[in-house]
Amino acid sequence: MAKKLDPENILLITDSYKVSHHKQYPSGTTIVFSYFESRGGKFPEVCFFGLQYLIKRWLEGQVVTAEKIQQATEFYKLHFGYDLFNEEGWKYILEKHGGKLPLRIRAVPEGSVVPVKNVQNTDPNCPWLTNWVETLLVQCWYPMTVATNSRAQKQIIAEYLLETADNLDGLPFKLHDFGFRGSTSVESASLGGAAHLVNFCGTDTVAGMVLARNYYGCEIAGFSIPAAEHSTITTWGKEGEKEAFRNMLEQFPTGLVACVSDSYNIWEACEKYWGEDLKDLVVDRGTNKKGVLVIRPDSGNPAEVVVKILNILYKKFGGEKNSKGFHLLPPYLRIIQGDGISYETLSEILENMKKHKWSADNIAFGSGGALLQKLDRDTQKCAYKCCFAVINEKPVNVYKQPITDSTKHSKKGLLSLELDDTGKYVTVEEGKGNADKEYTFAQVRENAEIPLVKEAKKN
Ligand SMILES: O=C1OCCC/C1=C\Nc1ccccc1
């Protein structure tokens, strides 16, 4: 039985080819300076988020130990078939820096909507370290892209609320994270779930709130409510669906409760069960116990199904017109559409509601795969490139400009390396091994806030 490897060993968290890179830089290279950027993509603006987690989770403190070096040495000997691994280099970091990484990572504040981050080695003997950590740091593409995609949907919903609702008060709970099960791992769900929570407060992805607390100091970053799933309805049988619904109202006598209602016939569920047989219970729960019933369709064409349900419920429960002249169901009755929701489909649904004079206040959305999973590094074209180096004390601008793809050219030259007053390139103070600027989740949310909300808060 092969000896277990430590999956948290930073010497094993890189691309294999990087293990050979310490032999490939020009001799005399003392500094490698690289930057991370989104070269544009689906969204013109990107919301930067997740670096703090990556640093605290993987790069902070004494991350190098003699045991980890030994383990990596043995592993890479097997992997390459001979001694290629830079054992000396890592031993140097262990001895000189006590196992902390002599790196300087600068980035815009978490949550800000400008995509710039740069990295450099701070010990002239470890120029190969800057790009060793590329593999890990480029994974920042994921939380950044989720936060960006989620924020773009916040913008859409805010616009429709401004047009069809009295105010933006409901915005934080308008897009609920349904994506935990569709995520590739618990860690990616935690990162993506936290990224969504930069923009909203509604989530079922518990892992996201765990990360928000553990890495951004937020005690509770999201909220949810008691809600049915198909199994808790269908176990009552088709004949028992109405009783299953009644049970929901009785088991959760106050507050919001959501009930998926499309197991058999959503039209009959709204018309007969909610609209007639259980109507008094719904109204009483609503008016006397501040209860809100949230009816959840989960199939059919979302834009059509939502409007058809609104019309049925209006016929049965009545409603009112708001200050913008749009219809609103009674305050104890709302809808959540959690099927087929994405940046692309959101507008179709909201536009169809608006066309039929329905306020966006009547509805909330749930999104799963599109929110946390249907993205990749190309969505925002995230890359990490070396743009500057110091070789034999000479500054060198570094760039690539492939003749085969001009859009892949990289920025060149010093983006913001420290200079001392004699114009010499100084290796900034040794990596203290910890992030000297930490952001609270509240600060991240404030940095990411959309202009429409900032405007509304002023008035
Ligand atoms: O359907 C689902 O699939 C994925 C996990 C969450 C989920 C529903 N949750 C929910 C929460 C609050 C109001 C309504 C539903």
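Residues numbered from 1 in each chain as written. Predicted model: local features only at pLDDT ≥ 70, side-chain atom pairs only at ≥ 80, totals over all residues. Heavy atoms only, no water.

(A) Layout of the overall build of the protein chain. Helix and strand counts for the protein chain stand at 17 helices and twelve strands. Referenced to the eigenvectors of the C-alpha coordinate spread, the extents of the protein chain come out at roughly 80 × 55 × 40 Å. Residue pairs at least 24 apart in sequence account for 77% of intrachain contacts in the protein chain once pairs closer than 6 positions are excluded. Accessible area for the protein chain stands at about 20,800 Å²; split by element, carbon and sulfur atoms hold 53% of it. Between the averaged position of the 55 positive side-chain charges in the protein chain and that of its 57 negative side-chain charges there is a distance of 2 Å. (Helix = DSSP H or I, 4+ residues; strand = E, 2+ residues; numbered from the N terminus. Contact = heavy atoms within 4.5 Å. Areas by Shrake-Rupley, 256 points an atom, 1.4 Å probe, with all protein chains shown as cover. Lys, Arg positive; Asp, Glu negative; His and termini not counted. Charge placed at Lys NZ, Arg CZ, Asp CG, Glu CD.)

(B) Structural detail: the packing of aromatic side chains. Inspection of every chain in the model, using the stated rule, returns 18 aromatic pairs. Between Phe49 and Phe441 the ring centres are 6.2 Å apart and the planes differ by 75°, which places this aromatic pair in the edge-to-face class. With Phe49 in the loop between strand S1 (29–38) and helix H1 (51–59) and Phe441 in helix H16 (residues 441–448), the pair connects residues that are 392 residues apart, well separated along the chain. Like Phe441, Phe49 is buried. (Phe/Tyr/Trp six-rings, centres within 6.5 Å; stacked < 30°, edge-to-face > 60°. Buried < 20%, exposed > 50% of the residue type's maximum accessible area, 1.4 Å probe, protein only.)

(C) View of the packing of helix H6 (residues 141–164) against helix H14 (residues 343–355). As a packed pair, H6 and H14 sit with axes 10 Å apart at the nearest point and diverge in direction by 10°. Comparing their axes, H14 and H6 come out roughly parallel. Of the residues in H14, those touching H6 at Asn149, Ala152, Gln153, Ile156, Ile157, Tyr160, Glu163 and Thr164 are Tyr343, Leu346, Ser347, Leu350, Glu351 and Lys354. Taken together, the residues of the contact of H6 with H14 sort by class into seven nonpolar, four polar and three charged. (Axes fitted to C-alpha atoms, helices over the stretch in contact; angles between N-to-C directions. Parallel < 35°, antiparallel > 145°, perpendicular 65-115°, else oblique. Nonpolar A, V, L, I, M, F, W, Y, C, P; charged D, E, K, R; others polar.)

(D) Fine view of a nonpolar patch on the surface. Together, Phe173, Ile220 and Phe223 make up an exposed nonpolar region whose accessible area comes to about 290 Å². By secondary structure assignment, the location of Ile220 is in the loop between helix H8 (206–216) and helix H9 (230–234). Judged by its relative accessible area of 42%, Ile220 falls in the partly exposed class. (Patch = residues over 30% accessible without salt bridge, like charges linked within 9 Å, V, L, I, M, F, W, Y side chains within 5 Å. Salt bridge = Lys/Arg side-chain N within 4 Å of Asp/Glu carboxyl O.)

(E) Inspection of the site of the ligand at higher detail. What surrounds the ligand is the set His176, Phe178, Arg181, Asp204, Ser224, Ile225, Ala227, Ala258 and Arg296. Here a nitrogen atom of the ligand sits 3.0 Å away from a polar atom, N or O, in the side chain of Asp204. Side-chain polar atom of Arg296 to an oxygen atom of the ligand: 3.0 Å apart, as the coordinates give it. Contact with the protein chains removes 85% of the 380 Å² of surface that the ligand exposes when unbound. (Near = heavy atom within 4 Å. Polar contact = N/O pair within 3.5 Å; in protein donor to acceptor, adjacent residues only side chain to side chain.)

(F) View of the sheet that holds strand S5 (residues 255–260). Spatially, five strands are ordered S4-S10-S9-S6-S5 in an open sheet, and the strand pairing comes out parallel. For this open sheet the edge positions go to strand S4 (175–177) and S5, each flanked by a neighbour on one side alone. Strand after strand, the sheet turns through a mean of 30° between neighbouring axes, direction not considered. Relative to strand S10 (residues 363–367), strand S9 (residues 333–337) runs parallel, the two sharing three bridges. By the bridge assignment for S10, Ile335 is matched with Ile363. Docked against the sheet, helix H13 (residues 302–317) engages strand S6 (291–296), S9 and S10, running at close to 170° with respect to S9. Together, S9 and S10 form the strand contacts of H14, whose direction differs from that of S10 by roughly 165°. (Pairing = 2+ DSSP bridges.)

(G) A positive patch on the surface, seen in detail. On the surface, Arg39, Arg377, Lys381, Lys400 and Lys408 cluster together into a positively charged patch. Residue position: Lys400 is located in the loop between strand S12 (394–397) and H16.

(H) Representation of the pattern of salt bridges. The full count for this structure, using the stated rule, is 22 salt bridges. Here Lys96 makes a salt bridge to Asp123, at a shortest N to O gap of 3.5 Å. Placement of the pair is Lys96 in helix H3 (residues 87–97) and Asp123 in the loop between strand S3 (116–121) and helix H4 (129–132), with a sequence separation of 27 residues. The exposure class of Asp123 is buried, given its relative accessible area of 2%. One salt-bridge network, in which partners are shared between bridges, spans Glu271, Glu276, Lys315 and Lys316.

(I) Highlighting the nonpolar core. One finds Trp90, Trp132 and Leu350 to be the most contacted residues of the largest nonpolar core, which totals 114 residues. The leading source of residues in this core is H6, at ten residues. If we skip the residues at most four places from it in the chain, Leu350 touches Ile156, Ile157, Tyr160, Ala360, Ile363 and Phe365. Formed by six residues, the second largest nonpolar core is a distinct cluster that contains Ile31, Phe33, Cys387 and Phe388. (Core = buried A, V, L, I, M, F, W, Y, C linked by side-chain atoms within 4.5 Å.)

(J) Main features of the packing of helix H7 (residues 186–197) against H8. One way to put it is that H7 packs onto H8 with a least axis distance of 7 Å and a crossing angle of 75°. Relative to H8, H7 is oriented roughly perpendicular. Across the interface between the two elements, Val186, Ala189, Ser190, Leu191, Gly193, Ala194 and Leu197 from H7 touch Ala207, Gly208, Met209 and Leu211 from H8. Considered class by class, the residues forming the contact of H7 with H8 number eight nonpolar, three polar and no charged.

(K) View of the environment of Val307. With respect to the secondary-structure elements, Val307 resides in helix H13. With residues up to four places along the chain from it excluded, the contact list for Val307 reads Asn352, Met353, His356 and Trp358.

(L) Region of the structure containing the confidence of the model for the protein chain. On average, residues of the protein chain carry a pLDDT of 93, and 95% of them reach 70 or more. pLDDT under 50 marks residues 425–432. Its contacts with residues more than four places away, or in other chains, come to 28 contacts. Interface confidence for the predicted complex, expressed as ipTM, amounts to 0.98; the pTM equals 0.93. (pLDDT = per-residue confidence, 0-100.)

(M) Structural view of the pairing of strand S11 (residues 382–391). Most of S11 is tucked away: nine of the ten residues are buried. Here S11 runs beside S12; their pairing, made up of four bridges, is antiparallel. Residue pairing across strands places Ala389 opposite Val396, the latter belonging to S12. If you look at the hairpin formed by S11 and S12, you'll find two residues sitting between the two strands, and Asn392 has a positive phi there, around 50°.

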